[in-house]
Amino acid sequence: MRVSRYSHPRGGCTPRRVQVVGLLAATAMLAGACGGDEASEASNKFPKLYEAAKKEGTLNLYSHVTDSEQIENVVDAFKEAYPDIDVEITNKTGSAILETFLSEKRANVNTADVIQYPGIAPFEGTFRKEKFIQPFTPSSADQFPEDSVVDGYAYPWLNYTMGAIYNTDKITDAELECLRKIKCWSDPRWKGRISGGSPGSASIQRALYQWVEKDKNLGDQWLEDYAALDPVTFNSVTPAAERVIAGEYVASFPQMSITAARAAPDGAPIGFAAQEYSVANPALIGLASKAEHPNAGKLFIEWLLSNDGQKVMIEHVATDSLNQDLKQKAPVTDEDWFDEPKKLVVPNDLEFEKHSKSITDKWNKLIGPAKE
């Protein structure tokens with residue numbers, strides 16, 4: 001577990017940085033905006049809530065973002081707007097932060113004020129059923145799609161968008177058009193030339209559920225045809241992307257848009273192709289029940305889901321936003337190597353939970369460790 005305490009002198013400025021995960025690219029440094037005027041203007045958006053939060057003085061944030069610098073950059077921006085709130089961050093992988101949160105709540109340990117988790121089902125099911133989160137509706141609630149929220153409780157602070165990535169130096173125009181059709185992912189032209197993700201990724205599991213179980217144009221036969229291409233799989237999307245960048249494979253799918261968004265601006269030959277629809281995997285944020293600092297928690301949620309907070313998330317975490325009022329919803333726009341999703345589909349997370357084991361077993365039998 002990583003726990004960090006975040007604070008800086010009132011009126012001070014903490015540099016904010018953008019980091020590319022793994023080996024995808026070098027870290028770029030950006031100067032954070034310093035200036036009391038900007039911080040004051042931001043804090044005035046929720047003045048009563050800020051006054052109440054200042055009396056608490058602290059926020060305990062539980063986050064699924066494992067890259068510490070990325071989540072710290074988000075917290076830095078929050079601190080610039082609300083400098084009287086110290087922030088303690090506990091960040092782990094999604095499954096690990098879920099286990100920590102659940103075990104603590106069931107032991108009546110109420111450390112977390114705010115919980116971030118990549119998935120809707122726990123918020124809609126266990127968290128509400130066992131009263132581990134409390135009702136809170138942020139002022140920006142109506143800016144998010146209905147199928148991405150747990151109304152009155154939790155809202156998407158970021159979105160993992162699924163698609164395909166490719167090496168911009170090695171792909172042909174015809175191959176790129178093929179990548180933009182999900183059914184064409186099983187085309188024989190890809191045999192021996194692609195890497196695949198791993199169903200160890202919850203986002204890929206949800207995407208597979210949508211493609212195999214819900215899309216009547218794809219289904220089991222599509223997955224079997226894809227498996228016949230012998231895609232080389234890795235334990236996460238990052239090494240798969242790195243092999244594409246290195247030119248070992250022309251493309252990788254299923255993949256996430258973030259791998260291209262984080263690497264290409266630094267010069268890596270990588271692009272993102274969106275299909276006729278893109279599977280969206282929202283990560284939600286909610287206010288923990290019995291929170292020791294409920295007003296600080298509400299303030300952070302209000303800020304993070306606002307246009308200002310979503311812009312910070314896009315800049316520093318390099319994932320997509322589901323905020324429908326934002327003009328820029330993705331880290332990269334107006335670039336010929338990055339496709340804007342044509343349509344977003346959010347799988348039914350509660351239904352997916354019932355099928356997650358079967359879809360993973362199916363993948364492993366055809367492609368992964370259990371392949372004969």
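Just above sits the structure.
Reference entry: report on the structure contained in this document. Position labels on residues start from 1 in each chain and follow its written sequence. pLDDT decides what is reported in this predicted model: residues at 70 or higher carry local features, side-chain atom pairs at 80 or more are listed and counted, and totals for whole chains, interfaces and linings draw on all residues regardless. For side-chain calculations, the full set of non-hydrogen atoms in the structure is used, while hydrogens and water are omitted.

### Thoughts on the overall build of the protein chain
Selection rule: Runs of H or I in DSSP of at least four residues are treated as helices and runs of E of at least two as strands, each being numbered from the N terminus. The rule is simple: take the accessible area with a 1.4 Å probe, protein chains only, and divide by the maximum for that residue type; under 20% is buried, over 50% is exposed, in between is partly exposed. Between two residues, a contact is recorded if the distance between any of their heavy atoms is within 4.5 Å. Only the protein chains shown count as cover for residues, and all accessible areas are computed by the Shrake-Rupley method using a 1.4 Å probe.
Along its length, the protein chain carries 13 helices and 13 strands. The proportion of buried residues among the 372 residues of the protein chain is 59%. In the protein chain, once contacts between residues fewer than 6 apart in sequence are set aside, the share between residues at least 24 apart is 78%. Accessible area for the protein chain stands at about 15600 Å²; split by element, carbon and sulfur atoms hold 47% of it.

### Some remarks on helix H7 (residues 202-214)
Applicable threshold: Between the first and last residue of a helix there are one fewer steps than residues, each counted as 1.5 Å, and that sum is the expected span.
Taking 1.5 Å per residue, 13 residues should reach 18 Å; H7 reaches 17 Å between its end C-alpha atoms and fits that length. Counting buried residues along H7, ten of its 13 residues qualify, which places the element largely inside the surrounding structure. For H7, the set of buried residues is Ser203, Ile204, Gln205, Arg206, Ala207, Leu208, Tyr209, Gln210, Trp211 and Val212.

### Remarks on the nonpolar core
Basically, it comes down to this: Joining through side-chain atoms within 4.5 Å is the link that ties buried Ala, Val, Leu, Ile, Met, Phe, Trp, Tyr and Cys residues into a set, and such a set is a nonpolar core.
Counting 96 residues, the largest nonpolar core has Trp157, Leu179, Trp211 and Trp303 as its most contacted members. At eight residues, strand S7 (residues 154-167) tops the list of elements feeding residues into this core. Non-local contacts of Trp211, meaning those with residues more than four positions away in its chain, are made with Ile182, Trp185, Leu218, Gly219, Trp222, Pro254, Tyr277 and Val279.

### Looking at the state of the cysteines
By definition, a disulfide is the covalent link that joins the sulfur atoms of two cysteine residues. Selection criterion: In this description, a disulfide is simply a cysteine sulfur pair whose atoms lie within 2.5 Å.
Within this structure, the stated rule accounts for one disulfide. Each sulfur of the disulfide joining Cys178 and Cys184 lies 1.8 Å from the other. Handedness here is read from the sign of the S-S torsion; for Cys178 and Cys184, about -100 degrees, the answer is left-handed. Assigned by exposure class, Cys178 and Cys184 land together as buried.

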